[in-house]
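Observations on chain architecture
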Amino acid sequence: MTETQLPDELRYQLLKQLERNPEISQRELAKAVGISLGKTNYCLKALVEAGWVKAGNFARSEQKLNYVYLLTPKGLSEKAEVTVRFLKRKQVQYQQLEHEIASLKKEAFAQRKN
């Protein structure tokens, strides 16, 4: 899976979480996004390869190395673009849901009259 094969919603969630908390562990990121740890690792590698995220080591304690995941300027631009696409898709879904709810209300009202 390359970065372009990541669904927009997953890409949006990953970039949003990394922007919010660059020091997030892969385990925490997996939980926040709702995917497996292995898939998280795979997705992060794809984001790094695309140049959207830069990963760097830092010592949190004397015994443990952790990563910091920073969105690059290219990553910030991609996040903005994917946010717009995600928002448009959600707006269409919302409008479809509103239409469906209105139809169901009409149907329920008609059935109550009978």
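Source: prediction; values computed, not measured. Along each chain, numbering runs from 1 in the same order as the chain's sequence is written. Only residues with pLDDT of at least 70 get local features here, since the model is predicted, and only at 80 or more are side-chain atom pairs given and counted; chain-wide, interface and lining totals rely on the full set of residues. Processing note: side-chain calculations cover all non-hydrogen atoms of the structure and skip hydrogens and water entirely.

**Thoughts on the nonpolar core**
- Buried residues of nine kinds, namely Ala, Val, Leu, Ile, Met, Phe, Trp, Tyr and Cys, make up a nonpolar core once their side-chain atoms join them within 4.5 Å. Three exposure classes are used, based on accessible area relative to the maximum for each residue type with a 1.4 Å probe and protein chains only: buried under 20%, partly exposed in between, and exposed over 50%. Counting residues in hydrophobic clusters, the biggest one holds 20 residues, and the most contacted among them are L10, L14, L18, L29, L47 and V53.
- Listed by contribution, the elements that provide at least two residues to this core are helix 1 (8-20), helix 2 (26-33), helix 3 (37-49), strand 2 (65-71) and helix 4 (73-113).
- Helix and strand assignments follow DSSP, with helices taken as H or I runs no shorter than four residues and strands as E runs no shorter than two, numbered in order from the N terminus. Here this core takes five residues from helix 1, the largest share from any one element.
- The contact partners of L10, leaving out residues within four places of it in the chain, are V33, I35, K39 and C43. The contact definition used throughout considers only heavy atoms, calling two residues in contact when any of these lie within 4.5 Å.

**Concerning the packing of aromatic side chains**
- Only Phe, Tyr and Trp rings are paired, with Trp represented by its six-membered ring, and only when their centres lie within 6.5 Å; those with planes under 30 degrees apart are stacked, over 60 edge-to-face, the remainder tilted. A complete count under the given rule lists two aromatic pairs for this structure.
- With a centroid separation of 6.0 Å and 25 degrees between ring planes, the pair formed by Y67 and Y69 is classed as stacked.
- Since its relative accessible area comes to 43%, Y67 is described here as partly exposed.
- Looking at Y69, the relative accessible area reads 5%, which means it is buried.

**Things to note about the side chain of K79**
- Structurally, K79 is set in helix 4.
- When neighbours within four sequence positions are excluded, K79 is seen to be in contact with L15, K16, E19 and L71.

**Comments concerning the packing of helix 1 against helix 2**
- Fitted lines through C-alpha atoms serve as axes, helices being fitted only where they are in contact, and the angles separating the N-to-C directions of these axes extend from 0 to 180 degrees. It is the contact of helix 1 with helix 2, at a shortest axis distance of 10 Å, that shows an interaxial angle of 135 degrees. With respect to helix 2, the axis of helix 1 lies oblique. Relative to helix 2, helix 1 is oriented so that their crossing is right-handed. Side by side, helix 1 and helix 2 meet where L10, Q13, L14, Q17 and L18 of the first sit next to L29, A32 and V33 of the second.
- A class-by-class count of the residues in the contact of helix 1 with helix 2 yields six nonpolar, two polar and no charged. For this classification, under 35 degrees means roughly parallel, over 145 means roughly antiparallel, 65 to 115 means roughly perpendicular, and everything else is oblique. By convention, the crossing between two helices is left-handed when the near helix turns anticlockwise from the far helix through less than a right angle, and right-handed when the turn is clockwise. Polarity classes work like this: nonpolar for Ala, Val, Leu, Ile, Met, Phe, Trp, Tyr, Cys and Pro, charged for Asp, Glu, Lys and Arg, and polar for all others, with Gly in that last group.

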